[in-house]
Amino acid sequence: HPMPVYFGKLRELGVEPEKVQILTLFRDPLHHIVSVYHYWREAGNPDEPKVQAAKQLSFPEFVVKYVGEKPGGRAFQKPLCVNDQLPPNLHILRLEGWRADLDRLNFPWGPQLQLPHLNMTEHEAPITYHNAQTIQLIRQRYSWVYDSGFYPDPLPLAASLPKE
């Protein structure tokens with residue numbers, strides 16, 4: 001859900017959203033799309049068109065349809081915004097290094113926080129699914145994540161892979 005929905009729920013509970021620390025996790029978009037693809041193929045609702053696409057298409061075809069048809073660049077940013085701005089009390093952690101990211105925030109409750117991470121699907125290393133086109137499409141769709149420095153820009157990697 002978009003952040004304004006959560007802020008509304010907090011207010012319904014009598015909590016001022018601006019007075020709480022909010023954590024969210026990002027996953028490297030190259031990994032995220034591979035996981036989405038496999039999850040939808042294995043456990044997605046077969047009545048949903050996006051799940052049907054995952055089940056019927058190869059990974060590169062799926063990326064063209066699922067990622068390429070959604071222009072923008074703010075895929076992770078937009079749902080986090082309130083009045084088109086990221087809340088100052090929002091802290092973004094990278095799934096792959098969440099503990100180190102959290103430790104840098106120095107919250108007194110940080111050391112007690114546990115995050116059991118279970119991958120719902122098994123698949124090969126994400127890079128084995130990508131080609132230059134899929135990386136370029138993902139880079140474009142998730143540009144804010146890369147431009148903000150959460151993850152290294154994947155475009156140099158795309159240059160070393162087949163086009164399709």
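Residues numbered from 1 in each chain as written. Predicted model: local features only at pLDDT ≥ 70, side-chain atom pairs only at ≥ 80, totals over all residues. Heavy atoms only, no water.

**Student:** Could you give me a rundown of the pattern of salt bridges, with the residues and numbers involved?
**Tutor:** Inspection of the entire model under this criterion finds seven salt bridges. Residue Asp 103 is joined to Arg 99 by a salt bridge in which the shortest nitrogen-to-oxygen separation is 3.7 Å. Linking Asp 103 with Arg 99, this pair stays in helix α5 (residues 98-105), spanning four residues, or about one helical turn. What makes Arg 99 partly exposed here is its relative accessible area of 25%. (Salt bridge = Lys/Arg side-chain N within 4 Å of Asp/Glu carboxyl O. Helix = DSSP H or I, 4+ residues; strand = E, 2+ residues; numbered from the N terminus. Buried < 20%, exposed > 50% of the residue type's maximum accessible area, 1.4 Å probe, protein only.)

**Student:** Which residues make up helix α4 (residues 59-66), and what values do they have?
**Tutor:** Within the sequence span of α4, burial applies to Phe 59, Phe 62, Val 63 and Tyr 66. All buried residues of α4 fall inside an arc of 100 degrees around its axis, so they share one side. Those residues of α4 that are buried lie in contact with α2 (29-43), α3 (49-56) and α6 (132-141). (Arc of directions from axis to C-beta. Contact = heavy atoms within 4.5 Å.)

**Student:** Give a description of the packing of α2 against α4 that names residues and reports values.
**Tutor:** At their nearest, the axes of α2 and α4 sit 11 Å apart, and the two run at 105 degrees to each other. If you check the angle between α2 and α4, you find them roughly perpendicular. Note on element contacts: α4 touches α2 through Phe 59, Phe 62, Val 63 and Tyr 66, opposite Ile 33, Val 34, Val 36, Tyr 37 and Trp 40. Here the residues of the contact of α2 with α4 sort into nine nonpolar, no polar and no charged. (Axes fitted to C-alpha atoms, helices over the stretch in contact; angles between N-to-C directions. Parallel < 35°, antiparallel > 145°, perpendicular 65-115°, else oblique. Nonpolar A, V, L, I, M, F, W, Y, C, P; charged D, E, K, R; others polar.)

**Student:** Quick one: what's the story with unusual backbone geometry, residue by residue and with numbers?
**Tutor:** Look at Asp 84: it is not a glycine, yet its phi comes out positive at around 65 degrees. Take Asp 84: it is sitting in the loop between α4 and β2 (90-94). Unlike most non-glycine residues, Asn 106 shows phi in positive territory, near 60 degrees. On the secondary structure map, Asn 106 appears in the loop between α5 and α6. Using a relative accessible area of 64% as the deciding quantity, one classes Asn 106 as exposed.

**Student:** Lay out the packing of α2 against α3 with the relevant residues and their values.
**Tutor:** The contact between α2 and α3 brings their axes to 8 Å, and the two run at 95 degrees. Taken together, α2 and α3 sit at an angle that is classed as roughly perpendicular. Side by side, α2 and α3 meet where Tyr 37, Trp 40 and Arg 41 of the first sit next to Lys 50, Val 51, Ala 54 and Lys 55 of the second. Of the residues contributing to the contact of α2 with α3, the split by class is four nonpolar, no polar and three charged.

**Student:** Explain the side chain of Asn 89 to me, and be specific about the residues and the numbers.
**Tutor:** Here Asn 89 is to be found in the loop between α4 and β2. Among all residues touching Asn 89, those that are not within four sequence positions of it are Pro 17, Glu 18, Lys 19, Val 20, Gln 21 and Ile 22.

**Student:** Any details on the pairing of β2? Residues and values, ideally.
**Tutor:** Counting buried positions along β2 gives four out of five residues, so the element sits mostly inside the fold. In the sheet, strand β1 (residues 22-26) pairs with β2 via five bridges, with the strands oriented parallel. Bridge assignment links Leu 25 to a residue of β2, and that residue is Leu 93. (Pairing = 2+ DSSP bridges.)

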